[in-house]
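Residues per chain are reported as follows:
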Amino acid sequence: MSALVISGATLPDGTRRDLVVDGGVFVDDAPAGAIRIDADGLQALPGLVDLHTHLREPGFEQSETVLSGTRAAAAGGFTAVHAMANTFPVQDTAGVVEQVASLGAQHGYATVRPVGAVTVGLEGRRLAEIGAMARSRAAVRMFSDDGKCVADALLMRRALEYVAGFDGVVAQHAQEPRLTEGAQMNEGELSSELGLAGWPGVAEEAIIARDVLLADQVGARLHVCHVSTAGSVEVLRWAKGRGIAVTAEVTPHHLLLTEQLAASYDARYKVNPPLRSTEDVAAVRAALADGTIDIVATDHAPHPVESKEAAWAEASFGMVGLESALSVVQAAMVDTGLLGWVDVARVLSSAPAAIGRLGGYDAPFALGSPAHLTLVDPAARRAFSIENLHGRSVNSPYLGTELPGRVVATVHGGVPTVLDGHLRPEEEVARASAH
């Protein structure tokens, strides 16, 4: 494992200092032969943590694999990802979650924490092997049927009761299915003009309202995935004001993009939940700034080309987002003055790690703590292109868009996965991670 000396880095609080890494942790003194990185003008962040990633493996390797997805993560500055359960077979048993975690450890680009399914096969009929997944080598602490809502209130209550016993969390995809049958985009004047079935905000808000009440009743932790409406923000604000143990995430694309893009009928902009109104975007930005929404999570959702180069109604929902996430957060929140870099470190690292009960992110840069680190050049500007994508799918909504910021280096557990803006070769990363 290589030793590193990162000189003149700017920490999130604005102070500058040298950072020394050896043996996978931050240390005082640099050993001989250490790799040296000049970080003058670079912003140092604790390694980014994504609570909501679709890695697709096993079963959908044509879209993504654990290797390709974690390479994309490293390129975006992420050192840990939580892999959603909608694989084939579904991550609803101890064996499948252990397989996914093992693949992440084997490749070394990022820590992979599997998210266990709430229900068997994501079918919403009976609970999955939640206890067995929690006790497995993967030590699952987060459970979600993401992509599908746990619509049955009794089943959701039982899941919350179960995870409360070991400090787990249920992450809900808030989408009332009867209100969104055939829905294609945000419900409103534009959906009527375009002739696309509308997706009402209340379909999200009603599930959040129900679930915060259930979580309060049973004393469990609830996490709400990809919040997208102003109404959802108000429900969350009310719940937090009552002391209910609810956390929430917003995606980068819901912080920046609006429903107007659907007018192009370009399926790169088709996502679940849909892009919302300008007023909704302003509301989720304000909620992230004031802490009502706790974190940013990518909902990285890769799809093969043919799934997106189709008529809007037939195209798949989803966008890739790992490589662009930090730049979009900078554009939407930092460059607008809504967040500082200390806040970015919280919403993209320490808070998601805490929600997922992922260790090693509670004392960033402290001597002896794990060396998870991202160096970004905030002054850089780039025209985002396919060359910036390192996964197997290219369904990014930002292709051809100028974005701020560039990840210069990513360090995962003391192992550089990105240096000088370039991913390190697979064999080098795997070999270094194994030592």
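Note that the structure is predicted; figures quoted are calculated from it, not measured.

*Asks:* Lay out helix α7 (residues 230-241) in plain terms, naming residues and giving numbers.
*Replies:* Taking 1.5 Å per residue as the helical rise, α7 with its twelve residues ought to reach 16 Å, and the 17 Å between its terminal C-alpha atoms agrees with that figure. Within α7, the full set of buried residues consists of Ser232, Val233, Val235, Leu236 and Ala239. Along the axis of α7, the buried residues cluster in a sector spanning 160 degrees; they form a single face. Trailing α7 by a residue or two, Gly243 shows a phi angle of about 80 degrees, which is positive.

*Asks:* A description of the packing of aromatic side chains should follow, citing residues and the corresponding values.
*Replies:* Scanning the model with the defined rule gives three aromatic pairs in all. When the ring centre of Phe317 is taken as reference, the NZ or CZ atom of Lys270 above it lies at 4.5 Å.

*Asks:* Tell me about the environment of Ser232, and please be specific about residues and values.
*Replies:* Tracing the sequence through the fold places Ser232 in helix α7. Judged by its relative accessible area of 0%, Ser232 is buried. Between the C-alpha atom of Ser232 and that of Ala283, which follows or precedes it by 51 residues, the distance is 9.4 Å. Among residues more than four places away in sequence, those in contact with Ser232 are Glu204, Glu205, Ile208 and Val227.

*Asks:* Describe the nonpolar core, listing the residues and the values that go with them.
*Replies:* A general tendency of soluble globular proteins is for nonpolar side chains to be buried together. Ranked by size, the top nonpolar core spans 69 residues in total, and within it Leu288, Leu326 and Leu348 carry the most contacts. Look past the residues within four positions of Leu288 in its chain and what remains in contact with it is Val250, Leu255, Ile293, Asp294, Ile295, Val296, Met333, Leu339 and Val347. With 18 residues, the next largest nonpolar core counts Leu4, Phe26, Ile37 and Ala371 among its residues.

*Asks:* Provide a residue-level description of the sheet that holds strand β6 (residues 48-53), including the pertinent values.
*Replies:* Sheet architecture is open: three strands sit in the order β6-β7-β8, paired in parallel fashion. Each of the sheet's edge strands pairs with one partner strand only, and the pair in question is β6 and β8 (111-114). Shown here is a sheet whose adjacent strand axes are inclined to one another by a mean of 20 degrees, direction ignored. Of the strand pairs in this sheet, strand β7 (residues 78-83) and β8 are connected by four bridges, and their pairing is parallel. Each bridged residue has a counterpart across the sheet, and for His82 the counterpart in β8 is Arg113. Packed on one face of the sheet, helix α2 (residues 94-107) meets β7 and β8 and runs near 170 degrees to β8.

*Asks:* I'd love a proper account of the sheet that holds strand β15 (residues 295-296), names of residues and values included.
*Replies:* Ordered by their spatial adjacency, five strands build an open sheet running β9-β10-β13-β14-β15, and the pairing between neighbours is parallel. Among the strands making up the open sheet, the edge pair consists of β9 (142-143) and β15. Where strand β13 (residues 221-224) meets strand β14 (residues 246-250), three bridges bridge the pair, whose relative direction is parallel. Bridge pairing links His223 to Thr247 in β14.

*Asks:* So what about unusual backbone geometry? Which residues, and what values?
*Replies:* With an omega dihedral of 5 degrees, the bond running from Phe88 to Pro89 counts as a cis peptide bond. If you check the backbone angles, Arg56 has positive phi at about 70 degrees while not being a glycine. Here Arg56 is to be found in the loop between β6 and α1 (66-75). For Asp420, which is not a glycine, the phi torsion comes out positive at approximately 50 degrees. Mapped onto the elements of the fold, Asp420 is located in the loop between β18 (415-419) and β19 (422-423).

*Asks:* Now, about the environment of His254: what can you tell me, with residues and values included?
*Replies:* Within the secondary structure layout, His254 lies in helix α8 (residues 252-256). Considered as a pair, His254 and Asp290 are 36 residues apart in the sequence and their alpha carbons are 17 Å apart. Here the side chain of His254 touches Pro273 through a polar contact of 3.1 Å, landing on its backbone oxygen.

*Asks:* Any details on the pairing of β6? Residues and values, ideally.
*Replies:* Most of β6 is tucked away: six of the six residues are buried. Examined bridge by bridge, β6 and β7 share four bridges and lie parallel to one another. Directly across from Val49, in β7, lies its bridge partner Ala80. Handedness of the β6-α1-β7 crossover: right-handed.

*Asks:* Which residues make up the side chain of Arg424, and what values go with them?
*Replies:* Its location among the elements puts Arg424 in the loop between β19 and α13 (426-434). In this structure the side chain of Arg424 is engaged in a polar contact, spanning 2.9 Å, whose partner is the backbone oxygen of Pro416. The residues touching Arg424, leaving out its near neighbours within four places in the chain, are Arg71, Tyr109, Val415, Pro416, Thr417, Leu419 and Val429.

Rules and cut-offs
- Residues numbered from 1 in each chain as written.
- Predicted model: local features only at pLDDT ≥ 70, side-chain atom pairs only at ≥ 80, totals over all residues.
- Heavy atoms only, no water.
- Helix = DSSP H or I, 4+ residues; strand = E, 2+ residues; numbered from the N terminus.
- Expected span 1.5 Å × (residues − 1).
- Buried < 20%, exposed > 50% of the residue type's maximum accessible area, 1.4 Å probe, protein only.
- Arc of directions from axis to C-beta.
- Phe/Tyr/Trp six-rings, centres within 6.5 Å; stacked < 30°, edge-to-face > 60°.
- Lys NZ or Arg CZ within 6 Å of the ring centre and 35° of its normal.
- Contact = heavy atoms within 4.5 Å.
- Core = buried A, V, L, I, M, F, W, Y, C linked by side-chain atoms within 4.5 Å.
- Pairing = 2+ DSSP bridges.
- Axes fitted to C-alpha atoms, helices over the stretch in contact; angles between N-to-C directions.
- Polar contact = N/O pair within 3.5 Å; in protein donor to acceptor, adjacent residues only side chain to side chain.
- Right-handed = clockwise from strand over helix to strand, strands pointing away.

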